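Remarks on the overall topology
Below, each chain spelled out in residue letters.
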Amino acid sequence: MKLLKERILSDGAAFDDGTLIVDSFINHQMDPILMKSIAVEFVRRFANLPINKIITIEASGIAPAIMLGYLLELPVLFVKKRTPKTMASAYCSTVYSFTKECHYDVSVSKEYLQEGDRVLFVDDFLANGNAALGIKDLVEQANATLVGMGFIIEKSFQEGRRRLEEREIHVESLARIANLQNGQVTFVE
Ligand code: 5GP
């Protein structure tokens, strides 16, 4: 996605530890016009699949997911990074965070993720695939079907895509990064 790649080059910051900071348009301040274009591209890539719900994980996945849900006229379910006391019955899993370097629990109410659901997972980044595999676990606990996974940015030098494809998950990423060394972003051709 040309527009997204240009924005990453102009406003992203690459670090030698393998982190890309995109706080000015995705992770802190958001650009809703770009987010809409991102959702349109996800529609182009996934609209032919039998999806009845978009699933994401708080917080940064919510913006692209809601835009996509709006365009496809589908409900958007966001997985929580803790289990609120008010959630009577939930599926839970544990995920390792690449950015925070710790484990955290994720949960989703059994009321909103059910057997027969055909879900598309959307998130901001694919790195090692830990968040994505946590979602896969939740979807399997519910006996729902994971139709595909869409990421705004994939760091292709990390293990995520390989780990997901090994499990036969359909993965689409709008910008695939080959390298972040020396402060330079290089995309996969
Ligand atoms: P994974 O679970 O695939 O290892 O990491 C994905 C999650 O970690 C994403 O949801 C994202 O929040 C965060 N993340 C991983 N790498 C980066 C990065 O380079 N920059 C930012 N901003 N977030 C990242």
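Quick caveat: nothing in here was measured; it's all calculated off a predicted structure.

What follows covers the overall build of the protein chain. Counting its regular elements, the protein chain contains 6 helices and 10 strands. Taken over the C-alpha atoms alone, the protein chain extends approximately 45 × 35 × 30 Å along its principal axes. Within the protein chain, the fraction of its 189 residues that count as buried is 48%. Excluding contacts between residues fewer than 6 apart, the proportion of contacts in the protein chain whose partners are at least 24 apart in sequence is 61%. Accessible area of the protein chain: about 9600 Å², with a carbon and sulfur share of 49%.

Surrounding the ligand, one finds 16 residues, the nearest of these being L20, N128, G129, A131 and K155. L20 places a polar main-chain atom, nitrogen or oxygen, 2.7 Å from a nitrogen atom of the ligand. In the model, an oxygen atom of the ligand is placed 2.8 Å from a nitrogen or oxygen of the A131 main chain. Across the complex, the protein chains shield 89% of the 500 Å² of accessible surface that the ligand would expose by itself. Spatially, the ligand is embedded in the largest pocket. Counting residues per element, the ones that place at least two in the shell around the ligand are β7 (118–126) and α5 (130–141).

So, on to the pairing of strand β8 (residues 145–155). For β8, a buried count of 9 out of 11 residues is recorded, marking the element as mostly surrounded by other parts of the structure. Bridge count between β7 and β8: 8 bridges; the pairing is parallel. Across the sheet, residue L120 finds its bridge partner in β8, namely G148. Read as a crossover between parallel neighbours, the route from β7 over α5 to β8 is right-handed. Across 6 bridges, the pairing between β8 and strand β9 (residues 171–179) is parallel. Directly across from G150, in β9, lies its bridge partner E172. In this region the chain leaves β8, passes through helix α6 (residues 160–166) and returns to the parallel neighbour β9; the handedness of that crossover is right-handed.

Next up on the list: the packing of aromatic side chains. Using the criterion set out here, one finds 2 aromatic pairs in the structure. Look at F121 and F151: their rings are 6.0 Å apart centre to centre, the planes differ by 75 degrees, and that puts the pair in the edge-to-face class. Separated by 30 residues along the polypeptide, F121 in strand β7 and F151 in strand β8 bring together distant segments of the chain. Both residues of the pair, F121 and F151, belong to the buried class. A cation over an aromatic ring shows up here: K5 above the ring of F187, its NZ or CZ 5.4 Å from the ring centre.

A few words now on α5. Compared with the 16 Å implied by 1.5 Å per residue over 12 residues, the 17 Å span of α5 between its first and last C-alpha is a close match. Following α5 by one or two positions, N143 adopts a phi angle in the positive range, close to 60 degrees.

Looking at the largest pocket, its volume works out to about 660 Å³. Looking at the largest pocket, it is lined by 31 residues, and the ones nearest its centre are K81, S97, T99, D124 and F125. Of all elements in the fold, only β2 (20–21), α2 (23–27), β5 (90–97), β7, α5 and β8 reach the threshold of two or more residues within the lining of the largest pocket. Counting residues per element, the lining of the largest pocket draws most heavily on β7, which supplies 4 residues. When grouped by side-chain class, the residues that make up the lining of the largest pocket number 15 nonpolar, 9 polar and 7 charged. Taken as a whole, the second largest pocket encloses approximately 170 Å³ of empty space. If you go around the second largest pocket, you meet 13 residues; those closest to its centre are L77, K80, M87, S109 and Y112. Sorting the residues of the lining of the second largest pocket by element identifies β4 (76–79) and β6 (102–109) as the ones contributing at least two each.

Analysis parameters
- Residues numbered from 1 in each chain as written.
- Predicted model: local features only at pLDDT ≥ 70, side-chain atom pairs only at ≥ 80, totals over all residues.
- Heavy atoms only, no water.
- Helix = DSSP H or I, 4+ residues; strand = E, 2+ residues; numbered from the N terminus.
- Buried < 20%, exposed > 50% of the residue type's maximum accessible area, 1.4 Å probe, protein only.
- Contact = heavy atoms within 4.5 Å.
- Areas by Shrake-Rupley, 256 points an atom, 1.4 Å probe, with all protein chains shown as cover.
- Near = heavy atom within 4 Å.
- Polar contact = N/O pair within 3.5 Å; in protein donor to acceptor, adjacent residues only side chain to side chain.
- 1 Å grid on protein atoms, 1.4 Å probe; cavity = no way out; pocket = protein on both sides within 12 Å on 5 of 7 lines; lining within 4 Å.
- Sits in = over half its atoms within 2 Å of the grid points.
- Pairing = 2+ DSSP bridges.
- Right-handed = clockwise from strand over helix to strand, strands pointing away.
- Phe/Tyr/Trp six-rings, centres within 6.5 Å; stacked < 30°, edge-to-face > 60°.
- Lys NZ or Arg CZ within 6 Å of the ring centre and 35° of its normal.
- Expected span 1.5 Å × (residues − 1).
- Points joined across faces, edges and corners; volume = space filled by probe spheres on them.
- Nonpolar A, V, L, I, M, F, W, Y, C, P; charged D, E, K, R; others polar.

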